[in-house]
Amino acid sequence: MDNATREVFGNIAPSMQLVFFAMILASFAWLAWQLEQHRRQWRKARRPGFTRDWRVWLERLAIYAAAQKRVHKKSLGALLHLLLFSGFVVLTIGTTLLAIAHDGPYDFHHGWYYLIYELTMDVFGVAFILGCLLAIYRRAFRKPRSLGHNWSDWWLLSVLLSLGVTGFAVEAFRMHYTQVPPPVAHWSIVGWLLDRTLLQGLDVPTAQSIHLAVWWVHAILVGLLFATLPVNRFLHIITGPLNIATRPDRAMGALAPLTIEEVEETGRTGVAELHDFTQSQLLSLDACMECGRCEDACPATASGKPLSPKAVVIDLQRLMSLGGGNVHQTIQDETLWACTMCQACVQECPVLIGHVDLIDDMRRDLVGEGRLAGPPARALQQIGNQSNPYGRPNAERLAWAEGLDVPTVDSNPEFEYLFWVGCAASFDPRAQKIARSTVELLTKAGVSFAVLGREETCTGDPARRIGDEFLFQERAQANIETLKRRKVSKIVTPCPHCYNTFRNEYPQFGGHYEVRHHSTLLAELIAQKRLTNQHKSDDPITLHDPCYLARVNGESAAPREVIGATRDKHYREMPRCGKKTFCCGAGGGRMWFEEAPEERVSRLRAAEAVATGAKTLATACPFCLNMMSDGMAGTPGGEQTRVLDIAELLLERQSRELER
Ligand code: SF4
Ligand code: SF4
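Residues numbered from 1 in each chain as written. Chains lettered and ligands numbered in written order. Predicted model: local features only at pLDDT ≥ 70, side-chain atom pairs only at ≥ 80, totals over all residues. Heavy atoms only, no water.

**Q** Looking at this structure, I do not really get the site of ligand 1. What am I missing?
**A** Near ligand 1 you find Cys 298, Pro 299, Leu 307, Pro 309, Cys 339, Thr 340, Met 341, Cys 342, Gln 343, Ala 344, Cys 345 and Val 356, and these make up its full shell. Its residues assigned to classes, the shell around ligand 1 comprises ten nonpolar, two polar and no charged. (Near = heavy atom within 4 Å. Nonpolar A, V, L, I, M, F, W, Y, C, P; charged D, E, K, R; others polar.)

**Q** Looking at this structure, I do not really get the state of the cysteines. What am I missing?
**A** Applying the stated criterion to the full structure yields zero disulfides. Distance from the sulfur of Cys 458, which forms no disulfide, to the nearest cysteine sulfur (Cys 423) is 4.2 Å. Of all cysteine sulfurs in the structure, the one in Cys 583 sits closest to Cys 547, which takes part in no disulfide; the separation is 4.2 Å. (Disulfide = S-S within 2.5 Å.)

**Q** Explain the layout of surface pockets to me, please; I cannot follow it from the model alone.
**A** If a probe the size of a water molecule is rolled over the atoms, the empty space left behind becomes visible. There is about 1,300 Å³ of room inside the largest pocket. Together, 39 residues line the largest pocket, and Leu 91, Thr 95, Leu 98, His 218 and Val 222 are the ones closest to its centre. Within the residue set of the lining of the largest pocket, elements represented by two or more residues are helix H1 (14-43), helix H3 (76-103), helix H4 (111-142), helix H5 (151-178) and helix H7 (204-228). At nine residues, the largest contribution of residues to the lining of the largest pocket is made by H3. (1 Å grid on protein atoms, 1.4 Å probe; cavity = no way out; pocket = protein on both sides within 12 Å on 5 of 7 lines; lining within 4 Å. Points joined across faces, edges and corners; volume = space filled by probe spheres on them. Helix = DSSP H or I, 4+ residues; strand = E, 2+ residues; numbered from the N terminus.)

**Q** What is the right way to look at unusual backbone geometry in this model?
**A** Comment: phi is negative for the bulk of residues other than glycine, and the bulk of peptide bonds are trans. Here the residue pair Pro 182 and Pro 183 is connected by a cis peptide bond, since its omega of 0 degrees sits within 30 degrees of zero. Structurally, the position occupied by Pro 183 is in the loop between H5 and helix H6 (189-198). A positive phi is found at Leu 352, a non-glycine position, where the angle reads about 60 degrees. Position of Leu 352 among the secondary structure elements: in the loop between helix H15 (344-348) and helix H16 (355-368). Under the relative-accessibility criterion, Leu 352 is labelled buried at 4%. (Buried < 20%, exposed > 50% of the residue type's maximum accessible area, 1.4 Å probe, protein only.)

**Q** Would you mind going over the packing of aromatic side chains with me for this structure?
**A** When we look at a pair of aromatic rings, we describe it by the centre distance and by the angle of the planes. Per the stated rule, a full pass over the model turns up 26 aromatic pairs. Ring geometry for Phe 108 versus Tyr 113: centroids 5.3 Å apart, planes at 80 degrees, classification edge-to-face. One aromatic cluster in this structure is built from Trp 420, Phe 472, Phe 502, Tyr 506, Phe 509 and Tyr 513. The side chain of Lys 490 reaches across the aromatic face of Tyr 417, ending 5.3 Å from its centre. Sitting over the ring of Phe 582, Arg 576 keeps its end group 3.8 Å from the ring centre. (Phe/Tyr/Trp six-rings, centres within 6.5 Å; stacked < 30°, edge-to-face > 60°. Lys NZ or Arg CZ within 6 Å of the ring centre and 35° of its normal.)

**Q** Would you mind going over the sheet that holds strand S3 (residues 490-493) with me for this structure?
**A** Hydrogen bonds between backbone atoms are what pair the strands of a sheet, whose relative direction is either parallel or antiparallel. A sheet is described by the order of its strands in space; here four strands give the open sequence S2-S1-S3-S4, paired in parallel fashion. In this open sheet, the two strands that pair with only one neighbour each are strand S2 (449-450) and strand S4 (514-517). Across two bridges, the pairing between strand S1 (residues 417-419) and S3 is parallel. By the bridge assignment for S3, Phe 419 is matched with Val 492. (Pairing = 2+ DSSP bridges.)

Structural data, given as structure tokens:
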């Protein structure tokens with residue numbers, strides 16, 4: 001066994017080896033030239049959009065490229081990708097090692113190393129072929145719509161499958177004509193089995209001739225694969241890891257700030273021309289593998305709106321391949337306005353493409369050019385004039401508190417928590433009950449808190465997400481000033497959008513706070529036995545996770561603790577929950593857009609909640625409360641389902657406790 005090894009170019013004459021190396025060199029040179037054309041397009045963007053931090057880059061590559069974190073899930077697509085990816089990587093590394101051993105100064109390709117090498121290559125070769133077959137089966141029979149179907153996909157799969165099959169054929173014919181004896185032959189298990197079953201009786205010269213022919217087919221396929229890589233979805237094996245490494249290092253909930261200098265440079269407030277995007281964004285377009293995961297998760301696509309996050313990326317990619325141009329001639333305004341900014345696409349994308357950044361940058365230009373009209377334009381105007389999107393005088397900020405003894409920053413200047421009510425819970429009659437319930441709970445638990453009253457204004461979240469960046473920045477700076485004057489260090493809010501803005505976006509402007517969503521604080525108070533959540537009802541209950549709480553900020557345990565989900569045998573989980581939650585339809589400023597009832601995302605979500613059999617749907621966001629109430633009203637069976645915020649539910653349980 002110590003002497004076990006095999007020939008590398010044993011059957012290939014030196015002149016043929018030269019032809020082979022010339023062909024591979026030409027193929028790689030062509031690939032490099034093509035990649036350079038892509039790089040030139042990326043470099044046409046003025047701003048890089050990424051920072052060079054090797055530690056972060058390596059960490060991301062380990063998690064998302066090597067360990068394929070985003071790909072793992074129970075689906076045929078994930079399984080076949082894993083098989084293809086692991087097979088391709090191991091076979092490529094193996095072939096490189098073989099070349100080093102053959103042409104380098106040290107020949108280590110023998111003994112136990114050789115035997116383990118052969119076995120590993122065979123196992124991953126089988127995985128690779130299996131991956132190809134599953135991909136062909138899925139494409140031919142299951143035909144998922146979001147996957148897309150191009151002629152180049154069939155070409156790619158044929159080349160990959162042929163590579164795998166000819167690889168094993170080369171091994172079998174080589175083993176046959178070199179007469180590899182057992183037990184060494186057993187380590188090349190597939191080649192040995194093929195030899196023992198299919199090649200028995202074949203004479204050595206014929207085996208040698210066929211080996212030569214198949215070897216050439218295999219070699220030409222390798223050359224073709226790399227030469228055509230830039231014109232099919234396989235390009236992502238290069239651009240995917242590049243994008244994973246260099247994507248901007250920003251929290252999911254934080255949009256990129258726009259500066260006056262940038263506006264002066266381009267003369268626009270967002271992206272109008274393709275090369276107004278950053279280099280990092282242009283690279284991301286080329287990283288798309290067209291898997292369709294983003295589209296499958298998109299509530300706008302699901303509700304029949306003219307938006308597919310995948311199509312946005314592919315359309316921009318096509319524009320780039322044509323040398324650039326005006327993005328609005330490629331992407332319709334309606335497409336951009338349809339986005340709820342729920343981040344489901346971003347969460348799903350295996351190569352970390354930032355769809356929301358792309359969409360928001362283009363929205364900024366539409367707003368800057370005055371191409372927004374109707375209720376959302378009015379909401380922006382009202383944020384500017386009345387400091388809230390509802391257009392109510394800010395003097396009415398405390399109307400929700402009528403009859404309650406709510407401490408203000410004046411009456412309780414030594415407060416621990418600032419209770420940031422948010423515009424929805426301040427002005428929306430239904431959502432006001434969230435503010436009232438939270439105040440009652442905090443008071444009962446003895447929490448020291450205060451509200452700003454008329455000093456509170458919109459955080460600017462809807463303005464930023466609709467695309468009015470400077471209106472957002474104006475609000476952010478004014479609020480940060482107020483919070484500084486009132487010496488605020490801890491904030492609690494029932495609104496996940498305010499929570500996200502304080503947590504992830506105000507730090508961009510110097511506002512740093514310890515911020516909690518009310519679910520987190522209420523869960524802590526329950527754990528400290530300052531509140532009770534004993535549930536005596538037999539009515540089934542379910543929970544809708546708000547996108548900006550669960551997906552964007554990773555908080556899905558606290559709302560469940562507040563409603564006692566883990567101890568409640570009547571609790572029902574919806575199929576899409578936690579980080580994988582499904583939007584209610586209000587985000588991204590959609591709250592202020594008019595839409596036909598049949599296009600409402602909330603109806604899809606309400607149907608999902610009704611299907612659990614729950615009689616109560618708990619939410620943890622004033623916008624979700626509003627949307628889900630509307631969704632239930634238009635969904636068969638929904639009229640019997642109560643929609644309540646977790647604070648309202650918890651307060652109900654305190655009352656029952658008191659009654660007992
Ligand atoms: S953020 Fe949500 S609505 Fe917008 S494109 Fe992505 S998945 Fe669709
Ligand atoms: S953008 Fe990402 S998730 Fe969407 S198709 Fe491309 S690679 Fe897949």
